[in-house]
Amino acid sequence: MDRMTPTAFSPATTAQLDRADALCTRQGARMTQQRREILGLILDAQTPVGAYDLLEKIKTPDRRPAPPTVYRALDFLLDHGLIHRIERLSAFVPCTHLLHDPHTHNPDHCHDHDHETCLHTAQFLICKSCKGVTEIADSSVLNTLRGICREQNFVMQGASIEVVGLCAACAAKARPTRKTAQKQASPSSP
């Protein structure tokens, strides 16, 4: 087995990785160096990152990991609620509960620890222009889903909602200016 050279992460990312490591320990799991590196790369990414992008980032002249190596790490991180898969983009983002101080935990975050397994739900706003992703945590969405599942005698184990549109910045760029809109609305002269 190749000896991994750990990627150097910022102090903020290192603190998030330490929180993830502690969470895994509480769940009886082990955060290996490879899993930690993959999670760190996802935490540092500015946009959702795909598995093959991660594979390229961990390659070195001395180490050529195979795709299953990355997929196993991603499966672990998904199973432990540390990341989310954005199906529409076939890419991964960190779960926002890792990005916040654990002492200021938001009780409305859609993370339910009352059951034997963690019910990890997420809602995402995905910009189809810039590919930016914002995770939102609205407990009313989770409560609505729970009610529907109860009515159907369905046992929910997880849920992911992806809303596609334009972020505020891209929507502002796409809006025509007032003069352009008036010009388009007025009939053209012959």
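This one's a predicted model, so the numbers in the text were calculated from it and none came from an experiment.

Colleague: Help me out: how do you make sense of the side chain of histidine 80 in this one?
Modeller: Looking at where histidine 80 falls in the secondary structure, it is placed in the loop between helix 4 (67-79) and strand 1 (83-86). A polar atom in the side chain of histidine 80 sits 2.4 Å from the side chain of glutamine 27. With sequence-adjacent residues up to four places away left out, histidine 80 is seen in contact with Leu23, Cys24, Gln27 and Ala29.

Colleague: Quick question: what am I supposed to make of the packing of aromatic side chains here?
Modeller: We describe a pair of aromatic rings using the distance from one ring centre to the other and the angle between the two ring planes. Taken as a whole and judged by the stated rule, the model has one aromatic pair. Centre to centre, the rings of tyrosine 52 and tyrosine 71 are 6.3 Å apart; their planes meet at 75 degrees, and the pair counts as edge-to-face. With tyrosine 52 in helix 3 (residues 51-58) and tyrosine 71 in helix 4, this pair connects stretches of sequence that are 19 residues apart. Tyrosine 71 gets classed as partly exposed once you look at its relative accessible area, which sits at 36%. The ring of phenylalanine 76 is capped by arginine 35, whose NZ or CZ atom sits 3.7 Å from the centre of that ring.

Colleague: Explanation requested: the nonpolar core in the structure shown.
Modeller: Soluble, globular proteins show a tendency: their nonpolar side chains are buried together. Formed by 25 residues in total, the largest nonpolar core has its most connected members in Ile38, Leu39 and Leu74. Contributing elements (two or more residues each) for this core: helix 1 (11-26), helix 2 (33-44), helix 3 and helix 4. By size, the runner-up hydrophobic cluster in this structure holds five residues, among which are Ile86, Val93, Ala122 and Phe124.

Colleague: Looking at this structure, I do not really get the packing of helix 3 against helix 4. What am I missing?
Modeller: In a packed pair of helices, the relevant descriptors are the angle between the two axes and the axis-to-axis distance. Close contact between helix 3 and helix 4 brings their axes to 9 Å; oriented N to C, the two are set at 115 degrees. If you check the angle between helix 3 and helix 4, you find them roughly perpendicular. For the element pair helix 3 and helix 4, the recorded crossing hand is right-handed. Taken together, the residues of helix 4 that come into contact with helix 3 (itself represented by Ala51, Tyr52, Leu54, Leu55 and Ile58) are Pro67, Val70, Tyr71 and Leu74. Each residue belonging to the contact of helix 3 with helix 4 can be placed in one class, and the counts come to nine nonpolar, no polar and no charged.

Cut-offs and rules
- Residues numbered from 1 in each chain as written.
- Predicted model: local features only at pLDDT ≥ 70, side-chain atom pairs only at ≥ 80, totals over all residues.
- Heavy atoms only, no water.
- Helix = DSSP H or I, 4+ residues; strand = E, 2+ residues; numbered from the N terminus.
- Polar contact = N/O pair within 3.5 Å; in protein donor to acceptor, adjacent residues only side chain to side chain.
- Contact = heavy atoms within 4.5 Å.
- Phe/Tyr/Trp six-rings, centres within 6.5 Å; stacked < 30°, edge-to-face > 60°.
- Buried < 20%, exposed > 50% of the residue type's maximum accessible area, 1.4 Å probe, protein only.
- Lys NZ or Arg CZ within 6 Å of the ring centre and 35° of its normal.
- Core = buried A, V, L, I, M, F, W, Y, C linked by side-chain atoms within 4.5 Å.
- Axes fitted to C-alpha atoms, helices over the stretch in contact; angles between N-to-C directions.
- Parallel < 35°, antiparallel > 145°, perpendicular 65-115°, else oblique.
- Left-handed = near helix turned anticlockwise from the far one by under 90°.
- Nonpolar A, V, L, I, M, F, W, Y, C, P; charged D, E, K, R; others polar.

Scope: geometric values only; no functional claims are made or implied.
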